[in-house]
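# Report on the structure
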Amino acid sequence: MPPDWDVEADVVVVGFGAAGACAALAAAAAGCSVLVLDRFGGGGATALSGGVVYAGGGTPQQRAAGVTDTPEAMFGYLSTEVGDAVPAGTLREFCDGSVAMLAWLEGHGVPFEGSLCPDKTSYPTNRHYLYYSGSELSAAAAPGAAAAAPGAAADAPGTGAAPPAPRGHRTRGRGTSGGLLYARLAAAVRGTGARVLTQTAAERLVTGPGGRVTGVACRSLRGAPGWARLAHRVLHRWSVKPYLYVPKAGRLLHRPVAWLERRYARALRVGAARGVVLAAGGFAANRPMMRSHAPTARGGLPLATPGDDGSGIRLGTEAGAATAYLDRVSVWRFLSPPPALLGGVLVDRAGQRICDESRYGAAIGDAIIRHGGQAWLLIDQTTRTEARRQVRGSTLWFQRLQAWYLLSLGAVRASTVAGAAARAGVDPDGLAATVAAYNAAGPQTPDPAGKPAAARQAQDQPPYYLIDCSVRPRLFYPAPVLTLGGLVVAPESGRVLRADGSPVDGLYAAGRSAAGLCSRSYVSGLSLADCVFSGRRAGRSAAAAQALLPRVRFIPWRAWPVPRAPGRCRGRR
Ligand SMILES: Cc1cc2nc3c(=O)[nH]c(=O)nc-3n(C[C@H](O)[C@H](O)[C@H](O)COP(=O)(O)OP(=O)(O)OC[C@H]3O[C@@H](n4cnc5c(N)ncnc54)[C@H](O)[C@@H]3O)c2cc1C
């Protein structure tokens with residue numbers, strides 16, 4: 001072991017969210033010593049998430065709910081969403097292995113259940129754990145749905161051939177159940193004997209001869225005074241939820257956390273005999289990166305933790321890696337729950353229809369962004385009454401606030417369609433013509449936007465309401481934004497690649513630090529599913545790489561680094 005490594009393991013994983021945990025599990029299962037580093041306590045966006053994993057092809061939960069699905073049907077639908085973000089062979093491998101992947105998660109203690117949600121919703125209530133989490137129903141109803149077309153636009157009708165099946169497997173647990181998913185994976189990682197070094201941020205990759213990545217230069221609070229570590233842990237935890245809902249307040253609360261790091265963290269050099277896996281999340285919390293790569297998402301709410309500062313991607317690019325899809329961000333605009341709102345007509349400022357309103361929220365968000373970020377949903381009195389009736393039974397608390405807002409403060413009302421348009425600043429003639437055409441189409445006529453017949457509802461009972469669905473900052477109806485792009489990786493191994501296609505030796509990436517299955521278009525569950533898929537792949541490949549040195553045994557805990565110069569952390573650097 002080179003004398004300047006403070007600690008070394010076969011495989012070093014940067015970031016302890018879903019991708020990092022799955023990489024660690026895979027590497028440990030291959031018999032390697034594993035060290036996981038996390039800037040905070042672990043969990044990242046995964047622990048805040050809804051815990052929905054996109055899976056299908058005939059999972060036990062689908063079968064229990066009486067749903068028929070096959071890997072081919074799953075592949076057919078996902079081809080329309082994933083496009084060319086990954087090669088068709090990779091998507092095929094993902095679909096063929098989906099049942100086994102879910103079983104693997106269950107084997108590590110993550111529970112799922114086959115209780116099918118009857119409504120199209122953004123997130124099911126605590127009574128249901130299986131639902132249509134994408135645009136499966138719309139894709140099947142789209143006119144000319146004949147052949148899956150890789151590379152097709154996410155909301156382009158006519159590209160889905162697969163029979164629809166619900167594939168959103170929500171982790172069984174009350175509320176947003178990503179916390180449970182992470183807790184079970186983290187416990188499994190610790191159960192393998194892998195070590196987790198929290199409050200340790202990776203700052204730079206260390207490279208050896210030929211540019212091979214041999215380790216990670218970190219800044220760690222290990223060795224800092226106990227009160228500083230405690231304050232860092234507690235203050236970070238307190239800032240995470242405000243960061244999600246009111247980013248300004250979250251950033252303010254997080255300032256002392258960053259100060260503690262600057263003041264008390266010390267250098268720690270971590271050697272990786274076989275490889276380093278970057279699994280440090282995305283970049284939604286990095287405002288300069290967002291401004292430069294995703295200016296259209298301005299006004300959206302970063303769906304992120306302070307850890308999503310793009311450092312995983314930066315570490316890779318500094319080592320020579322290429323990036324892809326950094327401009328692809330998922331902007332969520334959910335109209336349901338309550339499901340009755342899906343019967344409305346979504347239009348732009350000119351009063352022209354934007355897309356099939358029953359599509360998944362990210363596809364609707366995408367369409368709104370392409371129409372300049374402004375959109376309004378027209379509903380009539382019948383739809384509004386039905387929606388109000390549904391609110392209680394179809395929502396969790398955060399969805400209830402949103403539904404209440406949409407049905408009250410977020411809408412203008414008038415006795416005619418043109419009158420509502422005039423009040424909202426939408427072209428009255430354009431909207432009147434659009435609504436007339438929508439209402440005139442009989443149930444047998446295919447909807448030009450591809451909306452399934454079951455979701456179509458004539459809007460002809462005054463008064464009329466126009467709900468503002470534009471993408472701009474609003475407390476009760478924010479537009480969450482998730483980054484989808486990252487480092488370019490080899491599809492068969494997760495090795496990080498340069499622009500010329502050659503691999504950066506010793507470096508792997510997974511989850512939102514890497515480009516992957518969901519990088520072109522996101523549907524609920526596809527990011528976590530990709531974290532599991534790409535995390536396991538990276539962990540397996542790193543474990544199989546040739547070790548730099550004779551096999552390294554993990555250094556016992558008591559021999560772990562202590563401050564090199566006791567008391568140094570107290571002085572100014
Ligand atoms: C509210 C919410 C709901 C969501 N719901 C869903 C859902 O239901 N289904 C779905 O598929 N997706 C969902 N998503 C998106 C999904 O949660 C994330 O895309 C996914 O969890 C990313 O996982 P990851 O492992 O790549 O990163 P993370 O889970 O964010 O983990 C990255 C970790 O790396 C650490 N880190 C960062 N930088 C460094 C560094 N320099 N050194 C050391 N450590 C570092 C961070 O502290 C963090 O712990 C949701 C997201 C949010 C915020």
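Now for a quick tour of the structure. (Residues numbered from 1 in each chain as written. Predicted model: local features only at pLDDT ≥ 70, side-chain atom pairs only at ≥ 80, totals over all residues. Heavy atoms only, no water.)

### Re the site of the ligand
As a matter of local geometry, the ligand sits amid 39 residues, with Asp-38, Thr-46, Ala-202, Ser-527 and Leu-528 nearest to it. Taking Asp-38, its side chain carries an N or O atom lying 2.6 Å from an oxygen atom of the ligand. At 2.7 Å from an oxygen atom of the ligand is found a main-chain nitrogen or oxygen belonging to Leu-528. Summarising the interface, the protein chains cover 95% of the accessible area of the ligand, which totals 1,000 Å² for the free molecule. Sorting the residues of the shell around the ligand by element identifies helix H1 (18-29), helix H2 (44-48), strand S7 (200-207) and helix H18 (526-544) as the ones contributing at least two each. Of the residues belonging to the shell around the ligand, the class tally is 20 nonpolar, 15 polar and four charged. (Near = heavy atom within 4 Å. Polar contact = N/O pair within 3.5 Å; in protein donor to acceptor, adjacent residues only side chain to side chain. Areas by Shrake-Rupley, 256 points an atom, 1.4 Å probe, with all protein chains shown as cover. Helix = DSSP H or I, 4+ residues; strand = E, 2+ residues; numbered from the N terminus. Nonpolar A, V, L, I, M, F, W, Y, C, P; charged D, E, K, R; others polar.)

### Points about the pairing of S7
One ladder, built from seven bridges, connects S7 with strand S8 (residues 213-220); its direction is antiparallel. Its bridge partner lying in S8, Leu-205 is registered against Val-216. Counted along the chain from S7 to the antiparallel partner S8, the turn is five residues long, and its residue Gly-210 has a positive phi close to 75 degrees. (Pairing = 2+ DSSP bridges.)

### Considerations on the nonpolar core
Core analysis: the biggest nonpolar cluster contains 66 residues, and Val-53, Leu-78, Leu-91, Phe-94, Leu-105 and Val-189 have the highest contact counts within it. Here Leu-91 is in contact with Phe-75, Leu-78, Ser-79, Val-82, Val-86 and Leu-517, once residues within four sequence places are set aside. (Core = buried A, V, L, I, M, F, W, Y, C linked by side-chain atoms within 4.5 Å. Buried < 20%, exposed > 50% of the residue type's maximum accessible area, 1.4 Å probe, protein only. Contact = heavy atoms within 4.5 Å.)

### Considering the pairing of strand S16 (residues 464-468)
Burial within S16 is extensive, with five of its five residues counted as buried. Both faces of S16 are covered, namely the face carrying Tyr-464, Leu-466 and Asp-468 and the face carrying Tyr-465 and Ile-467. Bridge count between strand S15 (residues 411-414) and S16: four bridges; the pairing is antiparallel. Each residue of the ladder has a partner; that of Ala-411, found in S16, is Ile-467.

### Examining the packing of aromatic side chains
Under the criterion given, the structure shown has 13 aromatic pairs. Aromatic side chains Tyr-123 and Phe-398 sit 6.3 Å apart centroid to centroid with 45 degrees between the ring planes, which places their arrangement in the tilted category. Here Phe-398 lies in helix H15 (residues 397-407) and Tyr-123 lies in the loop between helix H6 (98-107) and strand S4 (130-131), a separation of 275 residues in the sequence. When its relative accessible area of 29% is taken as the criterion, Phe-398 is described as partly exposed. (Phe/Tyr/Trp six-rings, centres within 6.5 Å; stacked < 30°, edge-to-face > 60°.)

Honestly, that's just the spatial picture; any functional story needs more than this.
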